[in-house]
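# Analysis of the macromolecular model
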Amino acid sequence: MNIFIVIILLLTLPVMNWLMHRTSENPTPVDREFLKTQTEFTETEEVKARADMTPAEKLENSTIISMIIGGLGLAFVVYHFANNGLDLNINIVNFTMLFLGIILHGNPRKYLDIVSDAYKE
């Protein structure tokens, strides 16, 4: 069954690529201004002064919270590999990417904004 799927892919992919890359006499131009508006990240909310924030907003914008959550998640990944050897599966890959994302974005509010922005499109 798998060999049949591989053969079909090997036959159809080159043909589909050739059809997609053919040149035409009237190519459709890409509007560069549209691309600029689609690729620019815009902040949805202005950052308030720390003194004007509620306790919940302070936690959302806390780098320390991100580092603690991300560090605990990555500690579990190390623990998982220490106990199970190199048992790399889709769940541990997703788990690792989730906590790396939390650490690399700096604070939970930025991470939630990026994830919700990606989910909308």
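Below or above, wherever it landed, is the structure these notes cover.

About the cut-offs
Residues numbered from 1 in each chain as written. Predicted model: local features only at pLDDT ≥ 70, side-chain atom pairs only at ≥ 80, totals over all residues. Heavy atoms only, no water. Helix = DSSP H or I, 4+ residues; strand = E, 2+ residues; numbered from the N terminus. Contact = heavy atoms within 4.5 Å. Patch = residues over 30% accessible without salt bridge, like charges linked within 9 Å, V, L, I, M, F, W, Y side chains within 5 Å. Areas by Shrake-Rupley, 256 points an atom, 1.4 Å probe, with all protein chains shown as cover. Salt bridge = Lys/Arg side-chain N within 4 Å of Asp/Glu carboxyl O. Buried < 20%, exposed > 50% of the residue type's maximum accessible area, 1.4 Å probe, protein only.

### Focus: the side chain of His-80
With respect to the helices, strands and loops of the structure, His-80 is situated in helix α4 (residues 63-84). Ignoring any residue separated from it by four or fewer positions in sequence, one finds His-80 in contact with Gly-85, Asp-87 and Ile-92.

### Things to note about a nonpolar patch on the surface
Side chains of Leu-86, Leu-88, Ile-90, Val-93, Met-97, Leu-100 and Leu-104 sit close together on the surface and give an oily, nonpolar patch of about 770 Å² of accessible area. Note on placement: Met-97 falls in helix α5 (residues 90-105). By relative accessible area, which is 54% here, Met-97 ends up exposed.

### A look at the pattern of salt bridges
Taken as a whole and assessed by the stated rule, the structure comprises two salt bridges. Close ionic contact of Glu-60 with Arg-109 constitutes a salt bridge, the shortest N to O distance being 3.0 Å. Of this pair, Glu-60 sits in helix α3 (residues 55-60) while Arg-109 sits in helix α6 (residues 108-120), and the two are 49 residues apart along the sequence. The class of Arg-109 is partly exposed, set by a relative accessible area of 26%. Measuring nitrogen to oxygen at the nearest pair gives 3.2 Å for the salt bridge that ties Arg-109 to Asp-113. Of this pair, Arg-109 and Asp-113 both sit in helix α6, separated by four residues, roughly a single helical turn.

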